[in-house]
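Each chain, written out:
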Amino acid sequence: MTGNSKTYSQKPSEINRRWILIDASSASLGRVATTIASYLTGKYKTTFTPHTDNGDYVVVINAAKTVVTGAKETGKIYYRHSGFPGGISDATVAEVREKFPERLIENAVKGMIPKNKLASDRMAR
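First, a word on scope: everything that follows refers to the structure included in this document. Computed from a prediction, not measured in an experiment: that's the story for all the values here. (Residues numbered from 1 in each chain as written. Predicted model: local features only at pLDDT ≥ 70, side-chain atom pairs only at ≥ 80, totals over all residues. Heavy atoms only, no water.)

1. Let's talk about the packing of aromatic side chains
Between two aromatic rings, the relevant description is the distance of the centres plus the angle of the planes.
Here is step 1 of the chain: Within this structure, the stated rule accounts for 2 aromatic pairs.
Here is step 2 of the chain: Taking 4.6 Å as the distance between ring centres and 25° as the angle between the ring planes, the aromatic pair formed by tryptophan 19 and tyrosine 57 counts as stacked. A residue pair is termed long-range when its members are at least 10 positions apart, and tryptophan 19 in strand β1 (residues 19–23) and tyrosine 57 in strand β2 (residues 57–61) qualify at 38 residues.
Here is step 3 of the chain: Look at tyrosine 57 and you get partly exposed, because its relative accessible area is 37%.
Here is step 4 of the chain: Summarising the aromatic geometry, the rings of tyrosine 39 and tyrosine 44 are spaced 5.2 Å apart at their centres and angled 80° between planes, so their arrangement reads as edge-to-face.
Here is step 5 of the chain: By relative accessible area, which is 36% here, tyrosine 44 ends up partly exposed.
Here is step 6 of the chain: Lysine 76 extends its terminal NZ or CZ atom over the ring of tyrosine 78, reaching a point 5.2 Å from the ring centre.
Here is step 7 of the chain: Its guanidinium or amino end placed over the ring of phenylalanine 100, arginine 103 lies 3.9 Å from that ring's centre, counting from NZ or CZ. (Phe/Tyr/Trp six-rings, centres within 6.5 Å; stacked < 30°, edge-to-face > 60°. Helix = DSSP H or I, 4+ residues; strand = E, 2+ residues; numbered from the N terminus. Buried < 20%, exposed > 50% of the residue type's maximum accessible area, 1.4 Å probe, protein only. Lys NZ or Arg CZ within 6 Å of the ring centre and 35° of its normal.)

Shown next as structure tokens:
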């Protein structure tokens, strides 16, 4: 090991963000979500620092045309709860795609980014 190697820590003033446009109809849901998560966290950059939000801005188009494989269109179920007793609701991928197609991608990406203080910054609308 050389004597001058030091761990690089990016400062907030050195952050350089780009705008990325992603077409969600180009690949399956999981493939698109991993690409988006990589851009949001900034892990592909050589200046990546875990405790600093240095990710890029991501804009996704054609969310309604997202491709899911197998029987996920009717078999995969998304659950949400209102907080009241008996307030659980469920919806299949087809139902979510019809009403709120952006939620398919949001839920997939949210599961792929680290669960820490930076998560809310990265998933800002």
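The rest of the description comes next.
2. Some details on the pattern of salt bridges
One side chain can pair with another of opposite charge once the charged atoms of both are near each other.
Here is step 1 of the chain: Taken as a whole and judged by the stated rule, the model has 5 salt bridges.
Here is step 2 of the chain: In this structure, aspartate 53 and arginine 17 form a salt bridge, with 3.9 Å as the shortest nitrogen-oxygen distance. Separated by 36 residues along the polypeptide, aspartate 53 in the loop between α1 (29–41) and β2 and arginine 17 in the segment before β1 bring together distant segments of the chain.
Here is step 3 of the chain: Look at aspartate 53 and you get buried, because its relative accessible area is 15%. (Salt bridge = Lys/Arg side-chain N within 4 Å of Asp/Glu carboxyl O.)

3. A few points about the side chain of threonine 52
Here is step 1 of the chain: Looking at where threonine 52 falls in the secondary structure, it is placed in the loop between α1 and β2.
Here is step 2 of the chain: Residue threonine 52 is classed as buried on the basis of its relative accessible area, which comes to 9%.
Here is step 3 of the chain: Aside from chain neighbours lying at most four places away, what touches threonine 52 is Gln10, Ile15, Leu118 and Arg122. (Contact = heavy atoms within 4.5 Å.)

4. Some words on the side chain of threonine 66
Here is step 1 of the chain: Counting through the fold element by element, threonine 66 comes out in the loop between β2 and α2 (72–75).
Here is step 2 of the chain: Using a relative accessible area of 5% as the deciding quantity, one classes threonine 66 as buried.
Here is step 3 of the chain: A polar side-chain atom of threonine 66 sits 2.6 Å from the main-chain carbonyl oxygen of alanine 63.
Here is step 4 of the chain: In contact with threonine 66, other than residues within four places in its own chain, are Ala24, Leu29, Arg97 and Ile105. (Polar contact = N/O pair within 3.5 Å; in protein donor to acceptor, adjacent residues only side chain to side chain.)

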